[in-house]
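The lines below spell out each chain.
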Amino acid sequence: MILEERPDDPGASEDSDRLQEDSSNPKGYDSLMQNQPGQLQSHRARLHQQISKELRMRTGAENLYRATSNTWVRETVALELSYVNSNLQLLKEELAELGSSVDVEQPEGESVTIPMIPLGLKETKELDWATPLKELISEHFGEDGTSYETEIRELEDLRQATRTPSRDEVGLDLLAAYYSQLCFLDARFFSPARSPRLLFHWYDSLTGVPAQQRALAFEKGSILFNIGALHTQIGARQDCSCTEGTSHAAEAFQRAAGAFRLLRENFSHAPSPDMSTTALSMLEQLMVAQAQECIFKGLLLLASDTPDNCPAQLQLAQEAAQVAAEYRLVHRVMAQPPVRDYLPASWTNLAHVKAEHFSALAHYHTAMALCEGSSADKGELPGQERVFQPSATCESQGPTLPQHPEERRKLVLCLCTAKAHLKRAILGQEEALRLHTLCRVLRKVDLLQVVVTQALRHSLAKYSELEREDDFFEAVEAPDIQPKTHQAPEVKMPSLSQVKVTDLFHRLGPLSVFSTKNRWQLVGPVHMTRGEGGFGFTLRGDSPVLIAAVVPGSQAESAGLKEGDYIVSVNGRPCKWRKHVDVVAQLRGMGEDGVSLQVVSLLPSPEPRSTGPRRPALLWSQRECGFETPMPARARPWPILAWSRKNKQSKTGSQPDPCTNRNCVTCP
């Protein structure tokens, strides 16, 4: 099957046809291209053509990858798939930005910020839910599978929509809703005894290599991965030239880190590299580093109003050192196998450049604190009681030095230390620029080079101000800046519980009984009339109502009802979801004609009971996912892949006590 990419703009094909018609008229074509809408239409058409070309190349490479058994050929094809997948991600991002009504161009001047690393979404092929689900509903649940076409179509539409989610909260809610439905499907239709014959196809986000599995856990894990990836795209799109933008970006990256951590702790033996333990650990560290960078940007914006504040500059220095330490850790992980084998080289280079850049910024802000501060913070500048304070009357003539020799010596030593930090800042920024030139940047606008160049220009300008002819002190070597943050990023789990969904197949009945984990036999309908002692059975529980006891010799026993049967209909009306009081009230209202009941009797499960510890499901229980139907203990999914044993299985509540009301007409 060839993966078809749905255009973001339904009018793209019409725009392409219109351009082809206009090409026969140069004058009309020039007139079209002179206006902005015409340029956008032409650009959009070219992007669609390039995307189609890349998709055809990926399909051919995928077929070759599956057909060959030669190791060298497979490695070569995997490299080509990685390159094609990177091009596809760039083209799709460009197409999405082109069709957006928001101006995504980076503002010029001082508001230029360092670009972030967004993660591309995992792609998948279309999936036919209808055939296997209808077959399973008919054979196992004993109902007409064609009567559930509406529910199946809604499920397919939901999955199709998750392939191209919008990069906002609406897209996140869409992915969370589909994940919740997967939890329902897992509880109802998937068990070791029987499951739908489905094959899930997903492409690796980093390499583009296809992977497929029949386990629903692979589908759930891929959706959770895309939730984290979508958070990274939302964070990268924020305007970090204002404090509100930096706050939103930091929040998005923290939630992305939480999604990758949750996936790493509950998913093992992944079929694709991007979901391996090492890759997820690296992605989590990368998101934490980017969140720390956004926090630093917010503090930098607040400190820009008071540049002469020495404590604020010292805090910025330590915050920048903390960001540099985070990126050094990320770069170390990226540069080691097996991550470096499938990770884009530009990511590794960018992490290294950022580590050098923020280390240089730490020294720059330390020098600013030494030069611009009016007094040293307690314990921050050892041996210094005062630092340079500029004079408002002789600002252009340089600093006013104290007359006392000791104070003069301390001040000059302080300025020498500031110059030493500026030297390290200049060397670090030059190293960042050197590393930057070693990487082939795919994007047209190189914002990173602009930012580092601006920082280098500021360091050089400040260093020129401190050049003094009467500086006879020996050269001072600037010490390293101790990393410290006053606002450490918090790894936040995805808020799936905020999305409330209802089981699409709730008509099949409560999950505690009606799932492939259980086998049952339909009994009835049986007709009974009320005797002197009632119908001869006792009820308990809700949804469905359970026959707790049957009186020996009663009409209920004669009709074949047994203890443990579930009532599913009363006089032909389904009551799988009815409450205990409702069923009792309906039976109490029966007249002399009696009542017709239909029940199901659970059969012994052919599955042997596990003697080892139970492993949890992929991620959450239904209650944590925001489900409206609680997950019963017997319906909890069994392991399909190899899951982590770090999380303990949650305790389930006990069943309600039998009805003890002797006035109840259903009691003996």
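In what follows, the structure referred to is the one given above.
Owing to the predicted nature of the structure, the values given are computational and were not obtained by experimental measurement. (Residues numbered from 1 in each chain as written. Predicted model: local features only at pLDDT ≥ 70, side-chain atom pairs only at ≥ 80, totals over all residues. Heavy atoms only, no water.)

Novice: How do you make sense of the pattern of salt bridges when you look at a structure like this?
Specialist: Opposite charge on two side chains makes pairing possible when the charged atoms of those side chains draw close. Counted under the stated rule, the structure contains 19 salt bridges. A salt bridge links Glu126 to Arg163; its shortest N-O distance comes to 4.0 Å. Remark: Arg163 occurs in the loop between helix 6 (149-162) and helix 7 (169-189) and Glu126 occurs in the loop between helix 4 (71-99) and helix 5 (130-139); sequence separation between them is 37 residues. Linked through salt bridges whose partners overlap, the residues forming this network are Glu251, Arg255 and Lys492. (Salt bridge = Lys/Arg side-chain N within 4 Å of Asp/Glu carboxyl O. Helix = DSSP H or I, 4+ residues; strand = E, 2+ residues; numbered from the N terminus.)

Novice: Explain the packing of helix 6 against helix 7 to me, please; I cannot follow it from the model alone.
Specialist: For any two helices packed against each other, one specifies the crossing angle of their axes together with the interaxial distance. Here helix 6 crosses helix 7 at 135°, and the two axes come no closer than 9 Å. Judged on the interaxial angle alone, helix 7 and helix 6 are oblique. Pair helix 6 / helix 7 crosses with left-handed handedness. Seen from helix 6, the contacting residues are Leu155, Leu158, Arg159, Ala161 and Thr162; seen from helix 7, they are Leu174, Leu175, Ala177, Tyr178, Gln181 and Leu185. Class assignment for the residues of the contact of helix 6 with helix 7 results in 8 nonpolar, 2 polar and 1 charged. (Axes fitted to C-alpha atoms, helices over the stretch in contact; angles between N-to-C directions. Parallel < 35°, antiparallel > 145°, perpendicular 65-115°, else oblique. Left-handed = near helix turned anticlockwise from the far one by under 90°. Contact = heavy atoms within 4.5 Å. Nonpolar A, V, L, I, M, F, W, Y, C, P; charged D, E, K, R; others polar.)

Novice: Where do I start with the side chain of Ser222 in this structure?
Specialist: Along the chain, Ser222 falls in helix 8 (residues 216-236). Here the side chain of Ser222 touches Phe218 through a polar contact of 2.8 Å, landing on its backbone oxygen. Ignoring sequence-local partners within four residues, the contact set of Ser222 consists of Lys122, Trp202 and Met275. (Polar contact = N/O pair within 3.5 Å; in protein donor to acceptor, adjacent residues only side chain to side chain.)

Novice: I keep staring at the packing of helix 8 against helix 9 (residues 243-266) and nothing clicks. Help me out?
Specialist: The interhelical angle for the contact between helix 8 and helix 9, taken along N-to-C directions, is 160°, at an axis separation of 8 Å. Between helix 8 and helix 9, the angle falls in the class roughly antiparallel. Both helix 8 and helix 9 take part in a crossing whose hand is left-handed. Residues Gly221, Leu224, Phe225, Gly228, Ala229, His231, Thr232, Ile234, Gly235 and Ala236 of helix 8 form the contact with helix 9, whose own contacting residues are Ala249, Ala252, Phe253, Arg255, Ala256, Ala259, Phe260, Leu262 and Leu263. For the contact of helix 8 with helix 9, the residue count by class is 13 nonpolar, 5 polar and 1 charged.

Novice: I'm lost on the pairing of strand 2 (residues 210-213) in this one. Help?
Specialist: Every regular strand shows the same layout, with side chains that alternate between the two sheet faces. Both strand 1 (residues 200-203) and strand 2 contribute to a ladder of 4 bridges, which runs antiparallel. Among the inter-strand pairings, Tyr203 is bridged to a residue of strand 2, identified as Pro210. What sits between strand 1 and strand 2 in their antiparallel hairpin is a turn of 6 residues, with Gly208 showing a positive phi close to 80°. (Pairing = 2+ DSSP bridges.)

Novice: Please explain the pairing of strand 4 (residues 537-540) as it appears in this structure.
Specialist: Strand direction decides the pairing type here: strand 4 and strand 5 (residues 546-550), joined by 4 bridges, are antiparallel. Bridging from a neighbouring strand, Phe537 pairs with Val550 of strand 5. A loop of 5 residues connects strand 4 with strand 5, the two strands running antiparallel in sequence, and Gly541 in this loop sits at a positive phi of about 80°.

Novice: Explain the packing of aromatic side chains to me, please; I cannot follow it from the model alone.
Specialist: Aromatic rings considered in pairs are described by the distance between their centres and by the relative angle of their planes. The final tally for this structure, using the stated rule, is 9 aromatic pairs. The interplanar angle of 90° and the centroid separation of 5.3 Å between the aromatic rings of Phe189 and Phe505 together place this pair among those described as edge-to-face. With Phe189 in helix 7 and Phe505 in the loop between helix 15 (447-465) and strand 3 (519-528), this residue pair connects regions lying 316 residues apart in the sequence. Grouping residues by exposure puts Phe189 and Phe505 together as buried. Both rings, one in Tyr327 and one in Phe358, keep their centres 6.3 Å apart while their planes meet at 10°; by these two values the pair is stacked. A residue pair is termed long-range when its members are at least 10 positions apart, and Tyr327 in helix 11 (residues 310-334) and Phe358 in helix 13 (residues 345-372) qualify at 31 residues. Judged on exposure class, the residue Tyr327 and its partner Phe358 are both buried. Cluster of aromatic residues (ring-pair linked, three or more members): Phe141, Tyr148, Phe189, Phe505, Phe514 and Trp520. Lys122 extends its terminal NZ or CZ atom over the ring of Phe225, reaching a point 5.7 Å from the ring centre. (Phe/Tyr/Trp six-rings, centres within 6.5 Å; stacked < 30°, edge-to-face > 60°. Buried < 20%, exposed > 50% of the residue type's maximum accessible area, 1.4 Å probe, protein only. Lys NZ or Arg CZ within 6 Å of the ring centre and 35° of its normal.)

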